[in-house]
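A look at the structure
Each chain, letter by letter, is given below.
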Amino acid sequence: MAIKSLSVRIDDKMLDKLHYVATYEGRSANSQILVLIRDCIEKFEEKHGEIFGEEKDKTQSK
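So, a few notes on the structure that sits alongside this text. (Residues numbered from 1 in each chain as written. Predicted model: local features only at pLDDT ≥ 70, side-chain atom pairs only at ≥ 80, totals over all residues. Heavy atoms only, no water.)

Here we look at the packing of helix α1 (residues 12-25) against helix α2 (residues 29-48)
- Contact geometry for α1 and α2: axes closest at 9 Å, N-to-C directions at 90°. When the interaxial angle is binned, α1 and α2 end up roughly perpendicular. Of the residues in α2, those touching α1 at Leu-18, His-19, Val-21, Ala-22 and Glu-25 are Ala-29, Gln-32, Ile-33 and Leu-36.
- Residues belonging to the contact of α1 with α2 are distributed by class as follows: six nonpolar, two polar and one charged. (Axes fitted to C-alpha atoms, helices over the stretch in contact; angles between N-to-C directions. Helix = DSSP H or I, 4+ residues; strand = E, 2+ residues; numbered from the N terminus. Parallel < 35°, antiparallel > 145°, perpendicular 65-115°, else oblique. Contact = heavy atoms within 4.5 Å. Nonpolar A, V, L, I, M, F, W, Y, C, P; charged D, E, K, R; others polar.)

Notes on a nonpolar patch on the surface
- Taken together, Ile-33, Leu-34, Ile-37, Ile-41, Phe-44 and Ile-51 make up a surface patch of nonpolar side chains, about 460 Å² in accessible area.
- By the element assignment, Leu-34 lies in helix α2. (Patch = residues over 30% accessible without salt bridge, like charges linked within 9 Å, V, L, I, M, F, W, Y side chains within 5 Å. Areas by Shrake-Rupley, 256 points an atom, 1.4 Å probe, with all protein chains shown as cover. Salt bridge = Lys/Arg side-chain N within 4 Å of Asp/Glu carboxyl O.)

Structure follows, in structure tokens:
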């Protein structure tokens with residue numbers, strides 16, 4: 001599995017809160033973001049079914 005980077009624009013207040021939550025959970029901010037993304041994907045797949053690599057085109061037709 002390749003590891004890729006993603007830049008995110010975030011205001012100072014939200015970033016500070018992210019760091020607070022991450023520290024509380026014993027994680028880095030990066031690890032906390034990955035947990036949040038995984039949770040979001042899991043919830044989406046529970047509702048809509050598993051996402052496969054080429055399904056991104058389906059969002060275009062909605």
